[in-house]
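Listed below, chain by chain, are the residues.
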Amino acid sequence: AISILKEKNPSLEQSVQCLVIGSANSSKDKEYQESLVKLTHEHKLERIIQFIPHQKDVRSLYKNSDILIQASIEAEAFGLVVAEAMIEKLFVIGPRLGGIRDILINNKTGLTFDSNNLSAPIELARIIDLALSNKIDMTKMKENAYQLITKHYTSDRTVSYTHLRAHETDSY
């Protein structure tokens, strides 16, 4: 998607910095990370995309960012990274997959795309371009996302729900 945007706007490297955060632990993840690094070099995106190892505290990175793009192709049960970004009032673009769909509502709490579609890079590039060109109200969506997360996903609510479910299974 970044390569598509750079073709459209060669000066992108002066205004956009992408951080890929995380460390590969499994051999599958290491292969994937290596393929991302290779793609970055093939498309000459080294001045735009930077790879950063796992961070214990990503809050400072979130505070210094404008957009979080979660581009997973595998469904997650909840989508913790997306929720953390929403708590920090960071604008989120992410896939319509798994539990992420419960919190990332297209055009309400962020923008979504079909990450498993062959046209995903084109769709993602279009969405990023919308966000970068201020053609959407990111401020309103960030506030909606923050309200959703702080209202429905507090630690007290999660503990109460878990406690309730535990008692339901005890009665069988």
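Check the entry above for the structure.
Residues numbered from 1 in each chain as written. Predicted model: local features only at pLDDT ≥ 70, side-chain atom pairs only at ≥ 80, totals over all residues. Heavy atoms only, no water.

Another aspect to go through is the pattern of salt bridges. Evaluated as defined, the whole model comprises 9 salt bridges. Residues Glu 42 and Lys 38 are paired through a salt bridge, measuring 3.9 Å at the closest nitrogen-oxygen approach. Of this pair, Glu 42 and Lys 38 both sit in helix α3 (residues 27-42), separated by 4 residues, roughly a single helical turn. The class for Lys 38 is exposed, based on a relative accessible area of 53%. (Salt bridge = Lys/Arg side-chain N within 4 Å of Asp/Glu carboxyl O. Helix = DSSP H or I, 4+ residues; strand = E, 2+ residues; numbered from the N terminus. Buried < 20%, exposed > 50% of the residue type's maximum accessible area, 1.4 Å probe, protein only.)

The next point concerns helix α8 (residues 138-152). In this model α8 runs 21 Å from its N-terminal to its C-terminal C-alpha over 15 residues, within 8% of the 21 Å that 1.5 Å per residue would give. Within α8 the residues assigned to the buried category are Met 138, Met 141, Ala 145, Leu 148 and Ile 149. Looking down the long axis of α8, one finds its buried residues gathered within 90° of arc, a one-sided arrangement. In α8, the exposed positions angled more than 90 degrees off the buried face are occupied by Thr 139 and Lys 151. Along its buried surface, α8 packs onto β3 (67-69), α5 (80-87), β4 (91-95), α6 (100-103), β5 (111-113) and α7 (120-132). Structurally, the start of α8 carries an N-cap: the backbone nitrogen of Thr 139 is 3.4 Å from a side-chain oxygen of Asp 137. (Expected span 1.5 Å × (residues − 1). Arc of directions from axis to C-beta. Contact = heavy atoms within 4.5 Å. Polar contact = N/O pair within 3.5 Å; in protein donor to acceptor, adjacent residues only side chain to side chain.)

With 21 residues, the main nonpolar core has Ile 2, Ile 48, Phe 91, Ile 93, Leu 111 and Ile 136 as its most contacted residues. Going through the elements one at a time, α1 (2-8), β4, β5, α7 and α8 are the ones with two or more residues in this core. At 6 residues, the largest contribution of residues to this core is made by α7. Dropping the residues within four chain positions of it, Phe 91 is found in contact with Asp 66, Ile 67, Leu 68, Gly 110, Leu 111, Ala 131, Ile 136, Met 138, Met 141 and Lys 142. One finds Val 58, Leu 68, Ile 103 and Ile 149 within the second-largest nonpolar core, a separate group that totals 16 residues. (Core = buried A, V, L, I, M, F, W, Y, C linked by side-chain atoms within 4.5 Å.)

Now for unusual backbone geometry. With a phi angle near 55°, Lys 44 is a residue other than glycine that sits in the positive phi range. Looking at the secondary structure, you find Lys 44 in the loop between α3 and β2 (49-52). On the basis of relative accessible area, Lys 44 is assigned to the exposed category, the value being 59%. For Asn 134, which is not glycine, the phi dihedral falls at a positive 55°. Considering the arrangement of structural elements, one finds Asn 134 in the loop between α7 and α8.

Next up on the list: the pairing of strand β1 (residues 18-21). In this sheet, β2 lies alongside β1 in parallel orientation, the contact comprising 4 bridges. Looking across to β2, one finds that Val 20 is bridged to Phe 51. The β-α-β motif built from β1, the intervening α3 and the parallel element β2 has right-handed crossover chirality. (Pairing = 2+ DSSP bridges. Right-handed = clockwise from strand over helix to strand, strands pointing away.)

Once that is clear, we can look at the pairing of β4. The buried fraction of β4 is high, at 5 of 5 residues. Bridge analysis of β3 against β4 gives 3 bridges, and the strand direction is parallel. Opposite Ile 67, over in β4, you have Phe 91 as the bridge partner. The sheet contact formed by β4 and β5 spans 3 bridges and is parallel. Bridge pairing in β5 places Gly 94 opposite Thr 112.

As far as function goes, none of this settles anything; it's purely spatial.
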